[in-house]
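Now for the letters of each chain:
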Amino acid sequence: IWYHKPVINEELLQSLPNLKIVASSGVGLDHLDLNLLFSHGVKVSNTPFAVSTDTADMGMALMLASSRRLVEGYQMAVSPDTQYFPADWLGAEVSGATLGIVGMGTIGYKVAERAKAFEMKILYHNRNQRNKEEESAVGAIYCKKIDDLLQQSDFVLLSVNLTPQTLKLIGKRELELMKPTATLINISRGLVVDQDALVEALQNKVIKAAALDVTYPEPLPRDHPLLKLKNVIITPHIGSATKKTRRVMMENMIESIQAGLKGLPVPNEVL
């Protein structure tokens, strides 16, 4: 499966009685009915480790671009109407700011490693607390309650899998807990955020800005209000989109398929 295609449903599975394995690119599994696949005796694999480094880089890129208003700045610099650069056109500091990471898995932890180099204070919320050695290595502080993280963070970065528990994890209540100077960064899945609530929060200056590599749907309708807001950066779901990583993803998928067909242990099998 690449870009969630083909769609795996009962009809397809019935038409493929000899199917042994479905290899899905990327880390997210929200597009797959795992119980349906397992009920047909079909194994599933993904490529969680191949995408982690590039996606973490993307998270940092979005944070830097949003904080320093790079897209607005570029538009100003190239506009035929620009006659001077205003002296009061200012961004926000990343170095020394507080970063709250929601979802400290492989990607979230790599974001923390990068943020440490920017001397950021790092908070994180996760289903399970990392061990003390891992926390100490990046200087991360665990927040058992997501509310505590939201209230303290200058940047809130979402790096969770989309599950029934994380569907619209960030809604009106959560956005209102954030600082009015805070930025929301999403590198997970669009449905982790209530987009209507986000639009309202951005329009009413409940939060300062948003930087999104993911939306719902993708792409957004061309008249969607998020596309018209100056305090929003949207990129086309390119967290893992580098030549090297996409090749490694495909190699991982092929390795899993070959193992599945031979009856060998499947690398990156989803259990």
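All of these numbers come straight from a predicted model, not from anything done at the bench.

## Here we look at the side chain of Ser24
Topologically, Ser24 is positioned in the loop between strand S1 (21-23) and helix H2 (34-39). Excluding its chain neighbours within four sequence positions, the residues that come into contact with Ser24 are Ile1, His31, Leu32, Ser45, Asn46, Thr47 and Met253.

## Considering the domain arrangement of the protein
With domains assigned, the protein is organised as domain 1 (10-49 + 242-270) and domain 2 (51-78 + 91-119 + 151-234). Placing a centre on the C-alpha atoms of domain 1 and another on those of domain 2 gives a separation of 30 Å. On the domain 2 side, the residues contacting the 10 residues of domain 1 number 7 residues. Here domain 1 meets domain 2 over a buried area of about 740 Å², counting both sides, of which 50% is carbon and sulfur. Among the residues of domain 1 in contact with domain 2, Val27, Asp30 and Phe49 are the three that bury the most area, contributing 56% of the side total.

## Here's the deal with helix H5 (residues 106-117)
Here H5 is 12 residues long and its end C-alpha atoms lie 18 Å apart, about the 16 Å a rise of 1.5 Å per residue gives. Every buried residue of H5 is accounted for by Ile107, Gly108, Tyr109, Val111, Ala112 and Ala115. Tucked inside the fold, the buried residues of H5 contact helix H3 (52-67), strand S3 (98-102), strand S4 (121-125), helix H6 (132-138) and strand S6 (155-158).

## Regarding the sheet that holds S6
Read across the sheet, 7 strands follow the order S5-S4-S3-S6-S7-S8-S9 without closing on themselves; strand pairing throughout is parallel. Bordering the open sheet on either side are strand S5 (140-142) and strand S9 (232-234), each of which pairs with just one other strand. Taken pair by pair, the neighbouring strands of this sheet meet at an average axis angle of 15 degrees, ignoring direction. Running over the sheet, H5 touches S3, S4 and S6 and is turned about 170 degrees from S3. In the packing of helix H9 (residues 195-203) onto the sheet, contacts are made with strand S7 (183-186), strand S8 (209-212) and S9, and the angle to S8 comes to roughly 140 degrees.

## A few points about H3
For an α-helix, the turn length of 3.6 residues means that residues three or four places apart are oriented alike. End to end, H3 covers 23 Å across 16 residues, agreeing with the expected 22 Å (1.5 Å per residue, within 8%). In terms of burial, H3 is largely enclosed, as 12 of its 16 residues are buried. Within the span of H3, buried status applies to Ser52, Asp54, Thr55, Ala56, Met58, Gly59, Met60, Leu62, Met63, Ala65, Ser66 and Ser67. Of the residues flanking the end of H3, it is Arg69, one or two places downstream, whose phi is positive at about 55 degrees.

## Describing the pattern of salt bridges
For side chains bearing opposite charge, pairing can occur when the charged atoms are close. Inspection of every chain in the model, using the stated rule, returns 11 salt bridges. Ionic pairing is found between Asp154 and Lys179, a salt bridge with its closest N-O pair at 2.9 Å. Residue Asp154 is located in the loop between helix H7 (146-152) and S6, and its partner Lys179 is located in the loop between helix H8 (172-177) and S7; the two are separated by 25 residues in the primary sequence. The class for Lys179 is partly exposed, based on a relative accessible area of 25%. Note that Arg247 and Glu251 form a salt bridge whose closest N and O atoms lie 3.3 Å from each other. Linking Arg247 with Glu251, this pair stays in helix H10 (residues 243-262), spanning 4 residues, or about one helical turn.

## Looking at unusual backbone geometry
When glycine is set aside, most residues are seen to have a negative phi, and most peptide bonds are trans. Omega for the bond connecting Lys5 with Pro6 falls within 30 degrees of zero, at 0 degrees, which places this linkage in the cis form. In this fold, Pro6 is placed in the segment before helix H1 (10-15). With omega at -5 degrees, the peptide bond leading from Glu218 into Pro219 counts as cis. With respect to the helices and strands, Pro219 occurs in the loop between S8 and S9. Phi angles above zero are rare outside glycine, and His4 is one such case at about 65 degrees. Along the polypeptide, His4 turns up in the segment before H1.

## Points about the packing of aromatic side chains
Throughout the structure, instances matching the rule amount to 1 aromatic pair. Ring centres of Tyr124 and Tyr142 lie 5.2 Å apart, and the angle between their planes is 50 degrees; on these two criteria the pair is classed as tilted. Separated by 18 residues along the polypeptide, Tyr124 in strand S4 and Tyr142 in strand S5 bring together distant segments of the chain.

## Section: the environment of Ala65
With respect to the helices and strands, the residue Ala65 is situated in helix H3. Apart from residues lying up to four places away in sequence, Ala65 is in contact with Leu70 and Ile233.

Criteria and cut-off values
- Residues numbered from 1 in each chain as written.
- Predicted model: local features only at pLDDT ≥ 70, side-chain atom pairs only at ≥ 80, totals over all residues.
- Heavy atoms only, no water.
- Helix = DSSP H or I, 4+ residues; strand = E, 2+ residues; numbered from the N terminus.
- Contact = heavy atoms within 4.5 Å.
- Domains from an automatic or database assignment.
- Buried area = accessible area lost by both parts, 1.4 Å probe.
- Expected span 1.5 Å × (residues − 1).
- Buried < 20%, exposed > 50% of the residue type's maximum accessible area, 1.4 Å probe, protein only.
- Pairing = 2+ DSSP bridges.
- Axes fitted to C-alpha atoms, helices over the stretch in contact; angles between N-to-C directions.
- Salt bridge = Lys/Arg side-chain N within 4 Å of Asp/Glu carboxyl O.
- Phe/Tyr/Trp six-rings, centres within 6.5 Å; stacked < 30°, edge-to-face > 60°.

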